[in-house]
Amino acid sequence: MNQKSKFCKAVLILLAVLLVTSCLFAASAAAKEEVVYANLDKNGGVEGVYVVNIFGYSELVDAVAANPAEPVIVDYGDYTSVKNLVSTEPIVKTGGDEYTIYLNPEVPADGKLYYQGNTKNIIPWTIDVAFFLDGKEVSAEEIAGAAGHVTVHVNIDENPAYGVNNFFYKNYALTVTILLDANTCLNIVSKDATIANNAANKQLTYTILPDKVTEIIIDTDSVDFSMDEISINAVRLSLHIDTDSIDMSDVDDLKDAVRNLAGISTTLSSLSSTLYTKIVEDFSSESLLIRDAKQVASTVNEASSVLLKLNNEVKDMDTKITDKINEVIDPLSKNPQKIKSFASDKNSDIERVQFVIHTKAVEVEEPEEAEKPPEKELNFFERILALFGLA
């Protein structure tokens, strides 16, 4: 009986340990989203980058209530500073890039924790913006308010400073939006832009696929040039394309035609050889005829060789085309790679990462008002004089 009692106690203790451990593990592995904000200057230079980390932890209320002193979330990021955006609960730096978050049992209304981490000024893309007035490159300050033919170049490329394996450049699509005042910017032309009206503005929108170097060029005749901030949003692209549904019947027809052509070329080659042999045997004494026969046979052989080469070139062409289509579409439709964290490769269970990038607007700067000199304090006698307009 005593042995049985000890065994039962051991089992209960083990179950308790497993229960607490599983609660803590589930809490520390809370699913995470990241929104990366980047502020750029007028020419695309990075001025500041910060990450808003979002954790859904409404499901962890029981764990928090049971163990309020225990860390619920451990997160990683190379941050210069951090800030809790929803409460006063501390975010403690517990290592080089490790941050521990202690939560109050009272979960926010939307069941989410938001905290901001300011990081180094590097994003996966380089964005270079240049301005030209009547064909001459000018600064953003010079182009603001200018009149003439204006050209804007926006070059987007992979940022080599981000690292060799640039997951976001290779897997993320960009949507670029540029607003121009329709009253001051006329005859707007830009290749590959979707142009729409947006109040008194013309909105130019571009979609850039992953792993693509892009140059956007906008031409306009302006009387008082200004340009709203360039807005760039980046999200992981997934098109959900069913490659099995692509109609390959035309390729199959072409393949059949090529096979027929190959059969004809083989027959023609055999006939030319037979013809050459027959002529030599039957007209051996007629050198001129033999020479003509050799020329005919040579020409036929050459044509046959070309046809056979063509047959080899297009052999299994339908399979090759299908493979090429899959090579292009598969990364966009299936996207087998697991989503990575922008903040740190140590973070796991990442649900979503998106980028919100803005440049500064190009506009005429309002002159700063000169500070008024402080008013002289009047004494009693001066106030009396001022009362009667005698000061």
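Keep in mind that what you see is a predicted model, and the values were worked out from it rather than measured.

### Describing the overall build of the chain
Stage number 1. The number of helices and strands found in the chain is eight helices and 17 strands.
Stage number 2. Expressed as a percentage of its 391 residues, the buried residues of the chain come to 33%.
Stage number 3. Intrachain contacts of the chain at a sequence separation of at least 6 include 74% that bridge at least 24 residues.
Stage number 4. Element-wise, carbon and sulfur atoms account for 55% of the exposed surface of the chain, whose accessible area totals about 23900 Å².

### Remarks on the pairing of strand β1 (residues 32-40)
Stage number 1. Buried residues dominate β1, accounting for seven of its nine residues.
Stage number 2. By the bridge criterion, nine bridges tie β1 to strand β2 (residues 46-56) in an arrangement that is antiparallel. Bridge assignment links Tyr37 to a residue of β2, and that residue is Tyr50.

### Some details on a negative patch on the surface
Stage number 1. On the surface, Asp228, Glu229, Glu363 and Glu366 cluster together into a patch of negative charge.
Stage number 2. By secondary structure assignment, the location of Glu363 is in the loop between β17 (350-358) and α8 (380-387).
Stage number 3. Taking the relative accessible area as the measure of exposure, Glu363 reaches 44% and is therefore partly exposed.

### Concerning unusual backbone geometry
Stage number 1. Here Asn187, not a glycine, exhibits a phi torsion of approximately 55°, which is positive.
Stage number 2. A relative accessible area of 58% means that Asn187 is categorised as exposed.
Stage number 3. Notably, Asp192 is not glycine yet its phi reads approximately 70°, a positive angle.
Stage number 4. Summarising the element assignment, Asp192 is placed in the loop between β12 (185-189) and β13 (194-198).
Stage number 5. According to the relative accessible area criterion, Asp192 is exposed, its value standing at 63%.

### So, the side chain of Lys42
Stage number 1. Tracing the backbone through its elements, the reader meets Lys42 in the loop between β1 and β2.
Stage number 2. What makes Lys42 buried here is its relative accessible area of 11%.

### Some details on the nonpolar core
Inside soluble globular proteins, nonpolar side chains tend to come together where they are buried.
Stage number 1. Ranked by internal contacts, the top residues of the largest apolar core, which has 55 residues, are Trp125, Ile127 and Phe355.
Stage number 2. Beyond its immediate stretch of four places on either side in the chain, Phe355 contacts Val36, Pro124, Trp125, Phe168, Tyr172, Ile232, Asn233, Ala234 and Phe342.

### Examining the environment of Gly111
Stage number 1. With respect to the element layout, Gly111 can be found in the loop between β6 (98-101) and β7 (112-119).
Stage number 2. Taking C-alpha positions, Gly111 is 5.9 Å from Gly56, a pair spaced 55 residues apart along the chain.

### Focus: the sheet that holds β6
Picture the strands of a sheet paired through backbone hydrogen bonds; they go either parallel or antiparallel.
Stage number 1. Reading across from one edge, β3-β6-β5 is the order of the three strands in this open sheet, with antiparallel pairing throughout. Pairing within the sheet leaves two strands with one partner each, and these edge strands are β3 (73-76) and β5 (91-93). Neighbouring strand axes in the sheet, compared pairwise and without regard to direction, differ in orientation by 30° on average.
Stage number 2. Pairing geometry for β3 and β6, over four bridges, is antiparallel. Counted as the bridge partner of Tyr76 is Glu98 from β6.

### Section: the pattern of salt bridges
Stage number 1. Summed over all chains, the structure comprises six salt bridges.
Stage number 2. We note a salt bridge from Lys32 to Asp75, for which the minimum N-O separation is 3.0 Å. Of this pair, Lys32 sits in strand β1 while Asp75 sits in strand β3, placing them 43 residues apart in sequence.
Stage number 3. On the accessibility criterion, Asp75 (2% relative accessible area) is buried.
Stage number 4. Of the charged contacts, one joins Asp97 and Lys346 as a salt bridge, the two residues approaching to 3.2 Å between their closest N and O atoms. Note that Asp97 is positioned in the loop between β5 and β6 and Lys346 in the loop between α7 (317-333) and β17, a separation of 249 residues in sequence.
Stage number 5. Lys346 sits in the exposed class, given a relative accessible area of 51%.
Stage number 6. Each of Lys32, Glu34 and Asp75 takes part in a single network of salt bridges with overlapping partners.

### Concerning the sheet that holds β1
Stage number 1. Within the open sheet, the nine strands sit side by side as β4-β7-β2-β1-β17-β16-β11-β14-β13. Their pairing is mixed. The open sheet has two free edges, formed respectively by β4 (79-84) and β13, since each of these has just one partner strand. On average, each strand axis in the sheet is tilted by 20° relative to the strand beside it, whichever way the strands run.
Stage number 2. One ladder, built from five bridges, connects β13 with strand β14 (residues 201-208); its direction is antiparallel. Within β14, the position partnered with Ala196 by the bridge is Gln203.

The rules behind the values
- Residues numbered from 1 in each chain as written.
- Predicted model: local features only at pLDDT ≥ 70, side-chain atom pairs only at ≥ 80, totals over all residues.
- Heavy atoms only, no water.
- Helix = DSSP H or I, 4+ residues; strand = E, 2+ residues; numbered from the N terminus.
- Buried < 20%, exposed > 50% of the residue type's maximum accessible area, 1.4 Å probe, protein only.
- Contact = heavy atoms within 4.5 Å.
- Areas by Shrake-Rupley, 256 points an atom, 1.4 Å probe, with all protein chains shown as cover.
- Pairing = 2+ DSSP bridges.
- Patch = residues over 30% accessible without salt bridge, like charges linked within 9 Å, V, L, I, M, F, W, Y side chains within 5 Å.
- Salt bridge = Lys/Arg side-chain N within 4 Å of Asp/Glu carboxyl O.
- Lys, Arg positive; Asp, Glu negative; His and termini not counted.
- Charge placed at Lys NZ, Arg CZ, Asp CG, Glu CD.
- Core = buried A, V, L, I, M, F, W, Y, C linked by side-chain atoms within 4.5 Å.
- Axes fitted to C-alpha atoms, helices over the stretch in contact; angles between N-to-C directions.

Nothing here speaks to function; it is geometry throughout.
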